[in-house]
Protein chains: 2
Amino acid sequence: MNLKQLSHMLELSQTTVSRALNGYPEVNEETRRRVMDAAKRHGYRPNPSARRLATGKSGMIGYVLPTGAAVSIDPHFVEFLSGLGDYARGHDLDLVLSPADADDEETTYRRIAANRQVDAVYVSSPRPKDRRVALLAALALPFIVHGRSEGLDADYPFIDIDNEGAFHEATRLLVQLGHRRIGLINGDIRETFAIHRERGVRRALAGSGLALEDRAVVSSAMTEENGYRAARRLLESDGRPTAILCSSLIMALGVQRAVSDVGLSVPGDLSLVAHDDVFTWLQPENFSVPLSTTRSSIRAAGARVAERLAARISGLEDGARGEVWPVDLVVRGSIAGASV
Amino acid sequence: MNLKQLSHMLELSQTTVSRALNGYPEVNEETRRRVMDAAKRHGYRPNPSARRLATGKSGMIGYVLPTGAAVSIDPHFVEFLSGLGDYARGHDLDLVLSPADADDEETTYRRIAANRQVDAVYVSSPRPKDRRVALLAALALPFIVHGRSEGLDADYPFIDIDNEGAFHEATRLLVQLGHRRIGLINGDIRETFAIHRERGVRRALAGSGLALEDRAVVSSAMTEENGYRAARRLLESDGRPTAILCSSLIMALGVQRAVSDVGLSVPGDLSLVAHDDVFTWLQPENFSVPLSTTRSSIRAAGARVAERLAARISGLEDGARGEVWPVDLVVRGSIAGASV
C-alpha cells in the first residue's frame, strides 16, 4: 500500500493524507483518526524504518567528513553543498555527514556500509590511487567521486572538471601574450585536481619550448595567507615571474596583497589568472583589478553529484561512467602583454 | 547483550568482534562466522535499526538546511560544521542535513520529527519571534538554538555570543578615540545577531550623547560586494563617517576595496573594526592594514552545540538554559584617533 493507494481508498487528497500522518494542525481530528486507522490497518507507515523495510532504501545519501584539530573544511564545501541541497530537496533525499578521523576514514566507511544507513555516498578530494574507490566497490556501496583518481585498476563513476585543460588554455594565452616566466600557486599537490592543473601548465609551456621551473611552483592549502606567502616568494626571487596562475580566488586575495606590498602592480608588472569556483560572496570581477579566471560552478557540480547518486540508487544508472566538464576561460583586466 | 558481553562470551577482544561484524578482511572466516552466529543467537545487532529498537535513539543529530535558487549557504556554516564535526566524531554522532525550501522549513521539521530520524536538532540564524522554537517544543524534538530569538513566550536552550556587548565595546573605543560620525555595515537585519549588534552601537553612542543616523546604517547579506557597495554609499555621503563597524570579514574585504577606490586610506581617513568568526582561510591580521576585530570562534560554538545536543539526548541536560559567550575586542592597526 503506497500513499496514492491509501489516499484513493480514503477519497482524500495525497496532501491531506500526508499532512494527517505528519500531524499537521490543518487536518481536523476526525479525518486524522480515519487516516491513521486506515494506515495502520493496511500497513502504510511513512517513516524511514517502514520505507527501509518496504524498499530497502533509507532515502539518505552519505558523506564521510574528515575532521581533526588540524583539519579545516574548505569554504568550497559550502558551495558544493548548496548545489547538492538544491537537488536533494526536490527529491526527498537527506544528506548524512559522518565525521571521521581524517587519518582513518576507512573505519567510518565500513560502519556506514555495515549499518546500511545511507543508500549511496559521494567521495571528494580524491588523490592518485585513492583507496576509497576500491573500498567502496568492495563494500558494494553505490558511490560517485567528485573529482578523479589516477592509477587505479578499475574504472569508477565520477564527475570532474577539466582542470588540466583549463590551466593549459590559460597558460597558452599567457605565452601568446609574450610571457616566458610563469609561476603556479597551486592547492595541495597530493590531490588530483592540483596535479592536473600543474600538468596543464607544463604541457602548455612545453608546447612553446618553455619549462615550468620547480622554484616557480608552490603548493599548499588554499588560504589567503598561503597565497600571500607563495606570491612573496615568487616575486622576490631572481627572474621573478611576469605571470602567475593561482588555484583559488581566496589565494588570489593573498597574491594581490603581496603584489601591492612589494610595490608592483597588476597587470603592469604581473598578469594574474585564478580558478573561480563561483562563490556568491567573493567575485573575481570585484577584485581591485578585475581578475581573469578559469571558471566552473562547484554548486552545479554538487547538484549533478546528487542527481547521479539518485539515479544510481534507483537503478537508472550503473557502471563506471566518468563525466568531465569543460571550464570557461574568462578574460578580465588582470592580464596584459609581457613588458619584459 | 552488548558488545562487551558478546566479546566476553566468545573470549575475543571487542575490536575483533566489532571487526568481524563489520566485515573487516583482517578477521579470518572461521572467527567471523563464529561471531556472526553468536550475535544472531543472542540478538546482538549493531546496526542503527537495532540501536533504535534497543535505545530509541538513532545516533543522529539533524539540521534543516534552507535551500533554493536564491539561497546561498554562508561560509560561516563550514566553520561551524568543522567544530560540530570535531565533537560528533568522538561521540559516534552523525549529522543529517535535511534540505528544505527556505520559505517552508516547517514541513521538513515535521517530517523529521514524525520519522524520528534524528534524536535532536539545532537551529541557526534565529530571528525575533522565531516560529521554529515553538514548533520544536510542540514536536517534542530536543533542540538547541545557535543564536537567540526575542519576543517568545517561553524560554528555550541556546548558545549565543554577546553580539550587543561586542559592538558596544568596539563603538565605545571608537568614541573615546574621538570619532563622532560612525557607520555600521551590518548583516541581514531580520536576524537577531544583526539586531543585537546595531543595538550595541546605538547604546554606546547614546552613552556619549551621540546617535546612530539611519543613513549611516546598511544591512544586507554578508558578501564582499555588499560590503563594497555599502562602504561606497557611506563614504560618498555628506558628512561621511570617520569610523565603520562591519559585521563580517568578508564584507570588510569590500570595505577595504571601496576605501581604496575613493582615494581614502585606513586608518588615516577611516577607522575600521569588523567581526571575526575566526576562519582559517582569511585572517584579519593579513588585511593590507591589519584589522581590528570583535572575535569569537564559530568553530568552538559548533563543538559546544554538538556537546549540548549530546547531553540533551542522553538526558544529562534539560530545561531552557541559555549560554552567552563573551567576545574579544582585538585592536590592530586599522583604528586611530579621529583627525576631524
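Relevant structure appears above.
Residues numbered from 1 in each chain as written. Chains lettered and ligands numbered in written order. Predicted model: local features only at pLDDT ≥ 70, side-chain atom pairs only at ≥ 80, totals over all residues. Heavy atoms only, no water.

**So, the overall build of chain A**
Which entries qualify depends on this criterion: Going along the chain from the N terminus, every DSSP run of H or I of four or more residues is numbered as a helix, and every run of E of two or more is numbered as a strand. The buried label goes to any residue with under 20% of its type's maximum accessible area, the exposed label to any with over 50%, and the partly exposed label to all in between, with areas taken from a 1.4 Å probe on protein chains only. The method behind every accessible area is Shrake-Rupley, applied with a 1.4 Å probe, and residues are considered shielded solely by the protein chains displayed. Positive charges come from Lys and Arg, negative ones from Asp and Glu, while His and the chain ends are left out of the count. A single reference atom marks each charge: NZ on Lys, CZ on Arg, CG on Asp, CD on Glu.
Each helix and strand counted, chain A has 12 helices and 12 strands in total. Residues classed as buried in chain A amount to 55% of the 340 residues present. Looking at chain A as shown, the accessible area adds up to about 14,400 Å², and 48% of this sits on carbon and sulfur atoms. For chain A, the centre of its 41 positive side-chain charges and the centre of its 43 negative side-chain charges are spaced 4 Å apart.

**Remarks on helix α2 (residues 14–21) of chain B**
Since the α-helix turns once every 3.6 residues, residues separated by three or four places project in the same direction. Residue and element names in this part refer to chain B. Put simply, the rule is: By arc we mean the arc of the directions from the helix axis to the C-beta atoms, nothing more. Any two residues whose heavy atoms approach within 4.5 Å are treated as being in contact.
Regarding α2, the residues found buried are V17, A20 and L21. The arc that holds every buried residue of α2, seen down its axis, measures 95°, which confines them to one face. Looking at the buried positions of α2, the neighbouring elements they touch are α1 (3–10) and α3 (29–41).

**Regarding the sheet that holds strand β6 (residues 182–186) of chain B**
Residues and elements named next belong to chain B. Basically, it comes down to this: In this scheme, strands are said to pair when DSSP sees at least two bridges between them. Inter-axis angles, ranging from 0 to 180 degrees, are taken between N-to-C directions of lines fitted to C-alpha atoms, where helices are fitted over the stretch in contact.
Taken in spatial order, the six strands of this open sheet run β7-β6-β8-β9-β10-β12, and their pairing is mixed. A strand with exactly one partner marks an edge of an open sheet, and here the two such strands are β7 (217–219) and β12 (328–330). Strand-to-strand twist of the sheet, defined as the mean angle between neighbouring strand axes without regard to direction, takes the value 15°. Pairing of β6 with β7, which is carried by three bridges, proceeds in the parallel orientation. Its bridge partner being in β7, I185 is matched across the sheet by V218.

**Some points on the side chain of R148 of chain B**
Defined as follows: Polar contact is defined as a pair of N or O atoms within 3.5 Å, subject to the rule that within protein one atom must be able to donate a hydrogen and the other to accept it, and that residues adjacent in sequence are counted only when both atoms are side-chain atoms.
With respect to the helices, strands and loops of the structure, R148 of chain B is situated in the loop between β4 (143–146) and β5 (158–161). Side chain to side chain, R148 of chain B and D160 of chain B meet in a polar contact 2.8 Å long.

**Here's the deal with the interface of chain A and chain B**
Heads up, the rule is: By buried area we mean the combined loss of accessible area, with a 1.4 Å probe, across both parts when two parts are placed together. In what follows, salt bridge is the name for a side-chain nitrogen of Lys or Arg lying within 4 Å of a carboxyl oxygen of Asp or Glu.
Tallying the contact residues gives 58 residues for chain A and 58 residues for chain B. When chain A packs against chain B, close to 4,700 Å² is buried across both sides, 54% of that on carbon and sulfur atoms. The largest contributions to the chain A side of the interface with chain B come from R89, R110 and W281 of chain A, which together make up 14% of the buried area. Viewed at the interface, chain B and chain A are joined by two salt bridges. The residue D94 of chain A makes a salt bridge to R111 of chain B at a minimum N-O spacing of 3.1 Å. The tally of links between chain A and chain B comes to 22 residue pairs in polar contact (both at pLDDT 80 or more). Elements with a contribution of two residues or more to the side of chain A that touches chain B: α4 (48–55), β1 (60–67), α5 (75–90), β2 (94–101), α6 (105–115), α10 (224–235) and α11 (249–261) of chain A. Ranked by residues supplied to the side of chain A that touches chain B, first place goes to α5 of chain A with 10 residues. By the bridge criterion, three bridges tie β2 of chain A to strand β2 (residues 94–101) of chain B in an arrangement that is antiparallel. Bridged to V96 of chain A within β2 of chain B is V96 of chain B.

**Considering the relation of the copies chain A and chain B**
To be explicit about the condition: Least-squares superposition aligns the copies on the C-alpha atoms of those residues with pLDDT at or above 70 in both.
Of the two same-sequence chains, chain A is brought onto chain B (RMSD 0.3 Å, axial shift 0.1 Å) by a rotation of 179°. Seen this way, the second copy is the image of the first under a two-fold rotation axis. Among all C-alpha atoms of chain A, that of V96 of chain A lies closest to the rotation axis, at 2.1 Å. Counting the interface residues of chain A, we find that 100% of their copies in chain B are interface residues as well, pointing to one common contact surface.

**Notes on the packing of α5 of chain A against helix α12 (residues 298–313) of chain A**
Two quantities define a packed helix pair, namely the angle between the axes and the distance from one axis to the other. Residues and elements named next belong to chain A. Rule in force here: Angles below 35 degrees are treated as roughly parallel, those above 145 as roughly antiparallel, those between 65 and 115 as roughly perpendicular, and all remaining angles as oblique. Throughout, a crossing is termed right-handed when the near helix is turned clockwise from the far one, and left-handed when it is turned anticlockwise from it by less than a right angle. Three classes are used, and their members are as follows: Ala, Val, Leu, Ile, Met, Phe, Trp, Tyr, Cys and Pro are nonpolar, Asp, Glu, Lys and Arg are charged, and the others, Gly among them, are polar.
It is at 6 Å that the axes of α5 and α12 come closest, and there the two elements cross at 45°. Judged on the interaxial angle alone, α12 and α5 are oblique. For the pair α5 and α12, the sense of crossing is right-handed. On α12, the residues that touch H76, E79, F80, S82, G83, L84, D86 and Y87 of α5 are I298, R299, A301, G302, A303, V305, A306, E307 and A310. Each residue belonging to the contact of α5 with α12 can be placed in one class, and the counts come to nine nonpolar, four polar and four charged.

**Comments concerning the pattern of salt bridges**
Scanning the model with the defined rule gives 56 salt bridges over all chains in all. For the salt bridge of R199 of chain B with E150 of chain B, the shortest nitrogen-to-oxygen distance reads 2.9 Å. Residue R199 of chain B is found in helix α9 (residues 192–207), and its partner E150 of chain B is found in the loop between β4 and β5; the two are separated by 49 residues along the sequence. Owing to a relative accessible area of 24%, E150 of chain B belongs among the partly exposed residues under this scheme. Taking the shortest distance from any N to any O, the salt bridge between E236 of chain B and R232 of chain B comes out at 2.8 Å. Within the structure, one salt-bridge network assembled from shared partners comprises R304, E307, R308, R312, E317, R321 and E323 of chain A.

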